[in-house]
Amino acid sequence: MFTGIITGVGRIADSHALGGSLQHGRRLTIEAPPGYLDDVALGDSIALNGACMTVTSLDLPAHRFTIDISAESLARTTGLGAVGPRVNLEKALRAHDRLGGHIVSGHVDGIGTVTHFAPVGESWELRVRAPAELGKYLAYKGSITVNGVSLTVNRVDDQPEGCGFSINLIPHTVQHTTLGDLAAGSTVNLEIDTVARYVERMLSAGVLAPTPEPT
């Protein structure tokens, strides 16, 4: 479990195939900021660009750790397949931590495409086109996770080719996450709000239907 508050920015330093077929995943080596791994143990969960991964080895002097990512996860995420890109890092939530963002599971629901990213005053406007099937979970002033960052939706625009939404990024977010690296055409990992997921399920199953008055 996570909150969408990024605690560090790392880099994919190495990537090795775990087998010779398309069914095999990859082992990624992540370079973290100095001191970031001091309280991390083998088996701990760390989200990379919003995707929950398990630490499989640690090299504290080099500030590096490895994760194994399956072919399924590679197919359903973006930004985790190549060496070089910076990645947002968040350690798993502890029971006594502040819930600074919103409840995030680290399970990517879909891949969005950036359609606009430009400064507006002191801030930045980010527009993303999400897959159409995610549109029912997006709402004005609701929460969305973009590459692991908890953000607030400012506008929703349902379109035939997908659901567009707009977000305002303050300078701190641009400077302390990888969102500042985005441009029109970039792809991003999206995770919908957990509460919205359950509400949609209850509505579709009729759980929230009004109880008939007794006759």
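Sequence order as written defines the numbering, with residues in each chain counted from 1. Residue-level local features of this predicted model are given only where pLDDT is at least 70; pairs of side-chain atoms are given and counted only at 80 or more, and the full residue set underlies all totals for whole chains, interfaces and linings. Computation of side-chain values covers all heavy atoms of the structure but excludes hydrogens and water.

## A word on the overall build of the protein chain
Stated formally: Secondary structure elements are taken from DSSP: a helix is a run of H or I of four residues or more, a strand is a run of E of two residues or more, and numbering for both begins at the N terminus. Computation of the radius of gyration draws on C-alpha atoms alone. For the globule rule, the value is 2.2 Å times the number of residues to the power 0.38. Accessible area is worked out with a 1.4 Å probe on protein chains only. A residue is then buried under 20% of its type maximum, exposed over 50%, and partly exposed in between. By definition in these notes, contact holds between two residues if any of their heavy atoms fall within 4.5 Å. Each accessible area is a Shrake-Rupley result for a 1.4 Å probe, and residues are judged covered by the shown protein chains and nothing else. All tallies of charge rest on Lys and Arg as positive and Asp and Glu as negative; His and the ends of each chain are not included. The atoms used to mark charge sites are NZ of Lys, CZ of Arg, CG of Asp and CD of Glu.
When helices and strands are counted, the protein chain shows three helices and 12 strands. Relative to a compact globule of 215 residues, whose C-alpha radius of gyration would be 17 Å, the protein chain shows 19 Å and is just as compact. Each principal axis of the C-alpha distribution contributes one length, and for the protein chain these read about 70 × 45 × 40 Å. In the protein chain, buried positions account for 40% of the 215 residues. Taking the contacts inside the protein chain whose residues are at least 6 apart along the sequence as the reference set, 67% of them involve residues at least 24 apart. Counting only carbon and sulfur atoms, one obtains 54% of the accessible surface of the protein chain, whose full area is about 11300 Å². Side-chain charges in the protein chain split into 16 positive and 22 negative, and the spacing between the mean points of these groups amounts to 2 Å.

## Concerning a nonpolar patch on the surface
The condition is simple: Only residues whose relative accessible area exceeds 30% and that form no salt bridge enter a patch; like-charged residues are grouped when within 9 Å of one another, and nonpolar side chains (Val, Leu, Ile, Met, Phe, Trp, Tyr) when within 5 Å. Whenever Lys or Arg places a side-chain nitrogen within 4 Å of a carboxyl oxygen from Asp or Glu, that contact is recorded as a salt bridge.
Taken together, the side chains of Val195, Tyr198, Val199, Met202 and Leu203 present a nonpolar region at the surface, about 470 Å² in accessible area. As for its position among the elements, Val195 is in helix 3 (residues 194–204).

## Quick look at the nonpolar core
Convention followed: Among buried residues, the Ala, Val, Leu, Ile, Met, Phe, Trp, Tyr and Cys ones that are joined through side-chain atoms within 4.5 Å form a nonpolar core.
Counting residues in each nonpolar core, the largest one holds 24 residues, and the members touching the most others are Ile144, Val146 and Phe165. Of all the elements in the fold, those that place two or more residues in this core are strand 7 (110–120), strand 8 (123–130), strand 9 (143–146), strand 10 (149–159), strand 11 (162–169) and strand 12 (187–192). It is strand 11 that contributes the most residues to this core, four residues altogether. Core analysis: the next-biggest nonpolar cluster, separate from the first, contains 18 residues, Ala32, Phe65, Ile69 and Val87 among them.

## Here we look at the pattern of salt bridges
Per the counting criterion, the structure on display carries 11 salt bridges. Among the ionic pairs, Arg64 bridges to Glu31, the shortest N-O distance being 3.3 Å. Of this pair, Arg64 sits in strand 5 (residues 64–69) while Glu31 sits in strand 2 (residues 26–31), placing them 33 residues apart in sequence. The class for Glu31 is partly exposed, based on a relative accessible area of 28%. Linking Asp39 and Lys91 is a salt bridge whose minimum nitrogen-to-oxygen distance equals 2.7 Å. Separated by 52 residues along the polypeptide, Asp39 in the loop between strand 2 and strand 3 (45–48) and Lys91 in strand 6 (residues 86–91) bring together distant segments of the chain. Lys91 sits in the partly exposed class, given a relative accessible area of 24%. A single network of salt bridges, built from pairs that share partners, joins Arg11, Glu31 and Arg64.

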